[in-house]
Amino acid sequence: MTNHKKKFSEILSEIIIAMELSDLRYNKRNNTSGFSELKSVKCVQGRYPDQLIDLWELYDETHKSENDSPEMFTDDQLYIILELANGGVDMESFEFKNADSAFSLFKQITCSMAVAEQALEFEHRDLHWGNVLISKTNSDSLIKYILNGHEFYVPSNGIQVSIIDFTLSRVKAENAVIYNDISKDPDLFSATGEYQFEIYKLMQQKNNNKWEHYEPYTNVLWMHYILHKMIKGVRYGSTATKVHKTSIQKLIKLKNKILTYTSVEEIVNKEFL
């Protein structure tokens, strides 16, 4: 994988999708603050700053980046900068108090996704645990959602979700379908070893490689992936308590039946409302 220089038209879809999802926090009929808040979008030009190159090299030494060094970019290179609110730590790095906390996060993810499905015919299409950010909040706070005009609240359990990265996503806004034609990226479907890579293939099978078409079941597949990570992958501070063991069983029970649903909105309506 390299630093492929994208055309503006290729980036525009991600910008529009990020704006539409961010604005759901102001929507009166379908409302959620569960997607990253977009503060501003800017176009800048020039070489990659030395300080950022140093940080990239540090990351490369530690984690082995799959991309070429941004030192390759010249004075005439253009960049699109999306300024987002701080959404916290990614799910892969976060340590949950216990599985009850993770179950609360799962509710927040599904409620946010359900709202976006209803408002925008939204499919994320790349909701791996690196794209789920978690920030800490008051343990007794409630998080508000409005779905089809119905207002409800989910206990935060001390954490709050922010879903990010809409490079592969799809929405319908003002009768225009905005999406990334993933069929042009066959490498995405050839990787193996992680359940994440299997989800790409399962999405492709479900929609027959037609990515303009709205198929909310792809979101259900990612919810199954999230449950898998909550059961097998994430770190917990306390695993010996009764509340943890009970919540793990809830996650397992939901994982065993979630693929029978056709959309995340159906999951929310049948499981949480």
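What counts and what doesn't
- Residues numbered from 1 in each chain as written.
- Predicted model: local features only at pLDDT ≥ 70, side-chain atom pairs only at ≥ 80, totals over all residues.
- Heavy atoms only, no water.
- Pairing = 2+ DSSP bridges.
- Helix = DSSP H or I, 4+ residues; strand = E, 2+ residues; numbered from the N terminus.
- Contact = heavy atoms within 4.5 Å.
- Axes fitted to C-alpha atoms, helices over the stretch in contact; angles between N-to-C directions.
- 1 Å grid on protein atoms, 1.4 Å probe; cavity = no way out; pocket = protein on both sides within 12 Å on 5 of 7 lines; lining within 4 Å.
- Points joined across faces, edges and corners; volume = space filled by probe spheres on them.
- Nonpolar A, V, L, I, M, F, W, Y, C, P; charged D, E, K, R; others polar.
- Phe/Tyr/Trp six-rings, centres within 6.5 Å; stacked < 30°, edge-to-face > 60°.
- Buried < 20%, exposed > 50% of the residue type's maximum accessible area, 1.4 Å probe, protein only.
- Lys NZ or Arg CZ within 6 Å of the ring centre and 35° of its normal.
- Salt bridge = Lys/Arg side-chain N within 4 Å of Asp/Glu carboxyl O.
- Patch = residues over 30% accessible without salt bridge, like charges linked within 9 Å, V, L, I, M, F, W, Y side chains within 5 Å.
- Areas by Shrake-Rupley, 256 points an atom, 1.4 Å probe, with all protein chains shown as cover.
- Polar contact = N/O pair within 3.5 Å; in protein donor to acceptor, adjacent residues only side chain to side chain.

1. Structural notes on the sheet that holds strand E5 (residues 132–136)
(1) Moving on: Strands sit in the order E3-E5-E8 across an open sheet of three strands; the sheet is antiparallel. Edge positions in the sheet fall to strand E3 (89–90) and strand E8 (159–163), since each of these pairs with one other strand and no more.
(2) Moving on: In this structure, E3 lies alongside E5, joined through two bridges in antiparallel fashion. In the strand pairing of E5, Val-89 is matched with Ile-134.
(3) Moving on: The strands touched by helix H3 (residues 99–120) within the sheet are E5 and E8, with E8 carrying the most contacts at an inclination of about 40°.

2. Some details on empty space enclosed by the protein
Think of a ball as big as a water molecule: rolled over the atoms, this probe shows where empty space is left.
(1) Moving on: Applying the stated rule across the entire model yields one cavity of 30 Å³ or more.
(2) Moving on: Looking at the largest cavity, its volume works out to about 30 Å³.
(3) Moving on: The wall of the largest cavity is formed by Lys-6, Glu-10, Ser-13, Glu-14, Thr-167 and Asn-180.
(4) Moving on: Partitioned by chemical class, the residues of the lining of the largest cavity number no nonpolar, three polar and three charged.

3. A short note on the packing of aromatic side chains
(1) Moving on: Evaluation of the coordinates by the stated rule reveals 14 aromatic pairs.
(2) Moving on: Ring plane angle 80° and centroid distance 5.1 Å describe the contact between Phe-94 and Phe-96, whose orientation is recorded as edge-to-face. Residues Phe-94 and Phe-96 agree in their burial class; the two are buried.
(3) Moving on: With centroids separated by 5.6 Å and ring planes inclined at 65°, the aromatic side chains of Tyr-200 and Trp-222 adopt a geometry described as edge-to-face. Of this pair, Tyr-200 sits in helix H4 (residues 195–207) while Trp-222 sits in helix H5 (residues 217–232), and the two are 22 residues apart along the sequence. The pair Tyr-200 / Trp-222 is uniform in exposure class, with both members buried.
(4) Moving on: Here a set of aromatic residues connected by ring pairs shows up, and it is made of Tyr-195, Tyr-200, Trp-222 and Tyr-225.
(5) Moving on: Between Lys-206 and the ring centre of Tyr-217, over which it is positioned, the NZ or CZ distance is 4.9 Å.

4. As for the pattern of salt bridges
(1) Moving on: All chains considered together, the criterion is met by nine salt bridges.
(2) Moving on: Note that Glu-95 and Arg-235 form a salt bridge whose closest N and O atoms lie 3.6 Å from each other. Here Glu-95, found in strand E4 (residues 95–96), pairs with Arg-235, found in strand E11 (residues 235–236); they are 140 residues apart in sequence, far enough to count as distant.
(3) Moving on: A relative accessible area of 44% places Glu-95 in the partly exposed class.
(4) Moving on: A salt bridge links Lys-229 to Glu-194, with the nearest nitrogen and oxygen atoms 3.2 Å apart. Linking Lys-229 in helix H5 with Glu-194 in the loop between strand E10 (176–179) and H4, this pair joins segments that are 35 residues apart in sequence.
(5) Moving on: Assessed through its relative accessible area of 35%, Glu-194 is described here as partly exposed.

5. Observations concerning a nonpolar patch on the surface
(1) Moving on: Together, Leu-52, Leu-55 and Leu-58 line one region of the surface with nonpolar side chains, adding up to about 280 Å² of accessible area.
(2) Moving on: If you trace the backbone, Leu-55 turns up in helix H2 (residues 50–63).
(3) Moving on: Its relative accessible area of 48% is what places Leu-55 among the partly exposed residues.

6. Brief notes about the side chain of Ser-40
(1) Moving on: Mapped onto the elements of the fold, Ser-40 is located in strand E1 (residues 38–45).
(2) Moving on: Of the residues examined, Ser-40 reaches a relative accessible area of 18% and is grouped as buried.
(3) Moving on: A distance of 3.0 Å separates a polar atom in the side chain of Ser-40 from a polar atom in the side chain of Lys-42.
(4) Moving on: Apart from the residues lying within four places of it in its own chain, the contact partners of Ser-40 are Ile-81, Leu-82 and Glu-83.

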